[in-house]
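# A structural walkthrough
Each chain, written out:
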Protein chains: 2
Amino acid sequence: MLGILGGMGPAATADFFTKLVALTPAQCDQEHIPLLISCLPQTPDRTAAILGHGPSCLPALLAGLRRLTDGGAQAIAIPCNASHHWHAQLQAAVAAPILHIADAAIAALPPGDGTVMLMATRGTLASGFYQRKLSALGRRWQVPAADEQPAVDEVIAAIKRADLAGASAALQGLWTAFAGASIDAAVMACTEIPLAAQHLPAPPFAAIDTNLELARAAVTHAIAQGWNRTC
Amino acid sequence: MLGILGGMGPAATADFFTKLVALTPAQCDQEHIPLLISCLPQTPDRTAAILGHGPSCLPALLAGLRRLTDGGAQAIAIPCNASHHWHAQLQAAVAAPILHIADAAIAALPPGDGTVMLMATRGTLASGFYQRKLSALGRRWQVPAADEQPAVDEVIAAIKRADLAGASAALQGLWTAFAGASIDAAVMACTEIPLAAQHLPAPPFAAIDTNLELARAAVTHAIAQGWNRTC
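Everything numeric here is computed off the predicted structure, so don't read it as measured data.

With that settled, consider the domain arrangement of chain A. Accessible area lost upon the coming together of the parts serves often as the stated size of an interface. Residue and element names in this part refer to chain A. Domain boundaries assigned for chain A yield domain 1 (2-100 + 213-225) and domain 2 (102-210). Every contact between the two is made by 20 residues of domain 1 and, on the other side, 25 residues of domain 2. A buried area of about 1,600 Å², summed over both sides, lies between domain 1 and domain 2, and 53% of it is on carbon and sulfur atoms. In terms of surface lost to domain 2, no three residues of domain 1 exceed Asn-81, His-100 and Glu-213, which account for 43% of the buried area on that side. Taken together, the links from domain 1 to domain 2 amount to 1 salt bridge.

Structure, rendered in structure tokens:
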């Protein structure tokens, strides 16, 4: 059984679940993947924790993780990029493998040596795990300019308050700015961003949906383990 | 914390989760409702069990229910109509209240004495709990004709195999037939049916989305219990 540590935020967790179901090859209910989903929106703010302005998320993440493994989860997916700041500590606490969202996202990048734009919360950017993984692979990356990051923050905050129009408008401005910046790809490295992107025309570069790529990795893992059955 | 006993089917559970998040008044993650979702698509076929053609669903439903209450769930929602055939046995097994999807759906019916069409699996219709609850309230109901029920079955089966076009075509035929039958409302008493209905024009009668109404009841219950918090 696959465990999903979610709630960060809840709309992104629901989107992850929807994508996972849609990606599963199944002709009947019984061919789908058994799941246990812990959706704990009360997990403290990830960016505040990473930047040292708020309480650590680790106790809440560990409590959710233990609820999943106690319930029988044998692998874990976390549809929240910033929470991967604590990936090593979480993995050390359980035997079940915790799929890494950045590995799934980076695997989906177009080949070549073009620049990758990282769109994420200030916490994820400060944590630096995307930058380290990309650099280790020899990929060039950049982060939004200081006057662009507030629009990234606004896309994310607007989705969390269910303001789809506000989120889409902020993202459209970023897509336009990035289109002039000679990038090959943008990684939507916060799982709220794809919820805004799905209502916009595709930008003229690869826009990597980290929630979709993690769902793809989770389905692949679950099918390899034989967790779904035949009708 | 709210527990969701799901997987019957998985797309309907994801739709329930999405509707529950959308219905929750929240300005930030922390104002959303904490959830634990057990999605067990391997639960035996409900209709086969109710009609006596297959194994009982009760052991699988009880196992999922215990996983939720062991994990801390203090109220339960089951986004599957047919599973409510076992509602009394499930409720007897746990202290946490199990919201009843038929009560939520019936509360959303338009007032008056018009006839209510019940669209459901053959298992739900054979179980009879909708008919009993409607009759107890003095509401007139009818079920699809013998030559219409195969189209209801097809809507449901098509959603379970991700054939949205097939599901929508079958449902459009039913909407047209029911429009000539002087009904006031149709209860989509299988949680797969609304996934097809959302891609069709609204029919000329109230079409009650049982998944949406259960989500509404769950949000109301959770907020009354104070399970969400302020930002």
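Moving on, we get to the relation of the copies chain B and chain A. The two copies are related by a screw motion: chain B maps onto chain A through a turn of 180° and a shift of 0.0 Å along the axis, at an RMSD of 0.0 Å. Taken together, the rotation and translation relating the two chain copies correspond to the operation of a two-fold axis. For chain B, the minimum C-alpha distance to the rotation axis belongs to Ile37(B) and amounts to 2.4 Å. A shared binding surface is used by both copies, with 100% of the interface residues of chain B retained as interface residues in chain A.

Right, let's get into the sheet that holds strand β1 (residues 2-6) of chain A. Judged by pairing direction, the sheet is mixed, and its 6 strands sit side by side in the order β3(A)-β1(A)-β2(A)-β2(B)-β1(B)-β3(B) without closing on themselves. The two strands at the open ends of the sheet, each matched to only one other strand, are β3 (75-77) of chain A together with β3 (75-77) of chain B. Taking each pair of neighbouring strands and ignoring which way they run, the sheet shows an average axis angle of 20°.

You can see Lys19(A) is positioned in helix α1 (residues 10-23). Beyond its immediate chain neighbours, meaning those up to four positions away, Lys19(A) contacts Pro194(A), Asp209(A), Asn211(A), Leu212(A) and Ala215(A).

Right, let's talk about the nonpolar core for a bit. Residues Tyr130(A) and Tyr130(B) are the most contacted members of the largest nonpolar core, which totals 72 residues. Among all residues touching Tyr130(B), those that are not within four sequence positions of it are Asn81(B), Ile101(B), Ala102(B), Ala105(B), Ile106(B), Leu118(B), Thr124(B), Val187(B), Ala189(B) and Thr210(B). Leu5(A), Leu61(A), Ile76(A) and Ile98(A) belong to the second largest nonpolar core, which has 46 residues in total.

Here Ala22(A) shows up in helix α1. Residues Ala22(A) and Ala181(A), 159 residues apart in the sequence, show an inter-C-alpha distance of 34 Å.

A few words on the sheet that holds strand β7 (residues 206-209) of chain A. Within a sheet, each strand pairs with its neighbour through backbone hydrogen bonds, oriented either parallel or antiparallel. Residue and element names in this part refer to chain A. One open sheet accounts for 4 strands, arranged β5-β4-β6-β7; its pairing is parallel. At either end of the open sheet lies a strand with only one pairing partner, and these are β5 (141-142) and β7. Across 4 bridges, strand β6 (residues 185-188) lies against β7 in parallel orientation. Bridge pairing links Ala-185 to Ala-206 in β7. Strand contacts of helix α7 (residues 129-136): β4 (116-119), β5 and β6, with the helix running at about 165° to β4, the strand carrying the most contacts.

Before going further, it helps to examine the packing of aromatic side chains. Residues and elements named next belong to chain B. Per the counting criterion, the structure on display carries 5 aromatic pairs over all chains. Look at Trp-175 and Phe-205: their rings are 5.4 Å apart centre to centre, the planes differ by 80°, and that puts the pair in the edge-to-face class. Taken together, the positions of Trp-175 in helix α9 (residues 164-179) and Phe-205 in the loop between α10 (193-197) and β7 (206-209) put the pair 30 residues apart, joining distant regions of the chain.

We now examine the interface of chain B and chain A. Contacts between the two partners involve 39 residues from chain B, matched on the other side by 39 residues from chain A. Where chain B abuts chain A, roughly 2,800 Å² becomes buried across the two surfaces, and 57% of that area is made up of carbon and sulfur atoms. When the buried surface of chain B facing chain A is broken down by residue, Phe17(B), Asp29(B) and Gln42(B) rank first, second and third, together holding 22% of it. Linking chain B to chain A there are 4 salt bridges. One salt bridge in this structure joins Asp29(B) and Arg46(A), with 2.7 Å as the shortest N-O distance. There are 15 residue pairs in polar contact (both at pLDDT 80 or more) connecting chain B and chain A. Every element with two or more residues in the side of chain B that touches chain A is listed here: α1 (10-23) and β2 (35-39) of chain B. Considered class by class, the residues forming the side of chain B that touches chain A number 19 nonpolar, 12 polar and 8 charged.

Cut-off values and rules
Residues numbered from 1 in each chain as written. Chains lettered and ligands numbered in written order. Predicted model: local features only at pLDDT ≥ 70, side-chain atom pairs only at ≥ 80, totals over all residues. Heavy atoms only, no water. Domains from an automatic or database assignment. Contact = heavy atoms within 4.5 Å. Buried area = accessible area lost by both parts, 1.4 Å probe. Salt bridge = Lys/Arg side-chain N within 4 Å of Asp/Glu carboxyl O. Least-squares fit on C-alpha atoms with pLDDT ≥ 70 in both. Pairing = 2+ DSSP bridges. Helix = DSSP H or I, 4+ residues; strand = E, 2+ residues; numbered from the N terminus. Axes fitted to C-alpha atoms, helices over the stretch in contact; angles between N-to-C directions. Core = buried A, V, L, I, M, F, W, Y, C linked by side-chain atoms within 4.5 Å. Buried < 20%, exposed > 50% of the residue type's maximum accessible area, 1.4 Å probe, protein only. Phe/Tyr/Trp six-rings, centres within 6.5 Å; stacked < 30°, edge-to-face > 60°. Polar contact = N/O pair within 3.5 Å; in protein donor to acceptor, adjacent residues only side chain to side chain. Nonpolar A, V, L, I, M, F, W, Y, C, P; charged D, E, K, R; others polar.

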